[in-house]
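Notes for the structure review
Now for the letters of each chain:
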Amino acid sequence: HKMATLLNRSLRVGAQCARPLSRQMSEMSAEAAHNKVTFWTKTSYGMAVAVGALTVWNVYVHMSHGHHEHDEDAPLPAYMKIRTKPFPWEFDDCSPMDLKCKRAAREAKLAGDH
């Protein structure tokens, strides 16, 4: 009798483990679940199209108005060249990626050496 109970219990546990791991969509029918998935899929695609259209419009508006270009030969405004201490490299008044400043400083150094 104990063996039959143990066998019966192990079969029940095995059947529970063998159930599919899919989640039921609450208590709605398969057709209602399909309709809901279709609705949210279409809504997502619609929102993606709307966001894309707004992005294109925003880029167009941004590019359509004039931009103020900085004259390369004009000195930089004071707020763009604030130095509280010198940079720790050879040409301490030049920013790391300012190649024109580095070239001018190198030429000035060579002219001063001769």
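Residues numbered from 1 in each chain as written. Predicted model: local features only at pLDDT ≥ 70, side-chain atom pairs only at ≥ 80, totals over all residues. Heavy atoms only, no water.

1. Regarding the overall build of the protein chain
To be explicit about the condition: Secondary structure elements follow DSSP: runs of H or I no shorter than four residues count as helices, runs of E no shorter than two count as strands, and numbering proceeds from the N terminus. Any residue under 20% of the maximum accessible area for its type is buried, any over 50% is exposed, and the rest in between are partly exposed; the area is computed with a 1.4 Å probe on protein chains only. For the accessible areas, the method is Shrake-Rupley and the probe is 1.4 Å, while residue cover comes only from the protein chains on display.
The secondary structure content of the protein chain amounts to three helices and zero strands. If you list the helices and strands of the protein chain from N to C, you get α-α-α. Sorting the 114 residues of the protein chain into buried and exposed places 4% on the buried side. For the protein chain, the computed accessible surface area is about 10900 Å², with 64% contributed by carbon and sulfur atoms.

2. Description of the state of the cysteines
The cut-off we apply is this: Disulfides are defined as cysteine sulfur pairs within 2.5 Å.
Evaluation of the coordinates by the stated rule reveals one disulfide. Here Cys94 engages in a disulfide with Cys101; their sulfurs sit 2.1 Å apart. Looking down the S-S bond of the Cys94 and Cys101 bridge, the torsion is -75°, so its handedness is left-handed. Accessibility classification places Cys94 together with Cys101 in one group, the buried group.

3. Overview of the packing of aromatic side chains
Basically, it comes down to this: Planes of paired rings set the category: under 30 degrees apart is stacked, over 60 is edge-to-face and the rest tilted, where pairs are Phe, Tyr or Trp rings (Trp by its six-membered ring) whose centres lie within 6.5 Å.
In the structure shown here, the tally under the stated rule is one aromatic pair. Between Phe39 and Trp40 the ring centres are 5.0 Å apart and the planes differ by 75°, which places this aromatic pair in the edge-to-face class. You can call Trp40 exposed: its relative accessible area is 51%.

4. A look at the pattern of salt bridges
What counts here: Salt bridges are defined as contacts in which a side-chain nitrogen from Lys or Arg sits within 4 Å of a carboxyl oxygen from Asp or Glu.
Taken as a whole, this structure holds one salt bridge when the rule is applied. As a salt-bridge pair, Glu90 and Lys109 come within 3.1 Å of each other at their nearest N and O atoms. Of this pair, Glu90 sits in the loop between helix H2 (30-64) and helix H3 (99-113) while Lys109 sits in helix H3; the two residues are 19 residues apart in sequence, bridging distant segments of the chain. The class for Lys109 is partly exposed, based on a relative accessible area of 44%.

5. Quick notes on a nonpolar patch on the surface
What counts is decided by this rule: Here, patches come from residues exposed beyond 30% relative accessible area and free of salt bridges, joined within 9 Å for like charges and within 5 Å for nonpolar side chains (Val, Leu, Ile, Met, Phe, Trp, Tyr).
Nonpolar side chains collect at one region of the surface, where Leu54, Trp57, Tyr60 and Val61 lie side by side and expose about 480 Å² of accessible area between them. For Tyr60, the position within the fold is in helix H2.

6. Quick notes on the confidence of the model for the protein chain
We apply this condition: pLDDT expresses how confident the predictor is about each individual residue, on a scale running from 0 to 100.
With 79% of its residues at a pLDDT of 70 or more, the protein chain has an overall mean of 80. Within the protein chain, the lowest mean pLDDT, 67, falls on helix H1 (residues 2-17), and the highest, 94, falls on H2.

7. Details of the layout of surface pockets
Definition in use: Any residue with an atom within 4 Å of a point lines the site, the site being either a cavity, points on a 1 Å grid over the protein atoms alone where a 1.4 Å probe fits but cannot get out, or a pocket, an open set with protein on both sides within 12 Å along at least 5 of 7 lines. Grid points are joined across faces, edges and corners, and a volume is the space filled by probe spheres set on the points.
Volume-wise, the largest pocket comes out at about 360 Å³. Glu72, Ala74, Leu76, Asp98 and Cys101 are, among the 15 residues lining the largest pocket, the residues nearest its centre.

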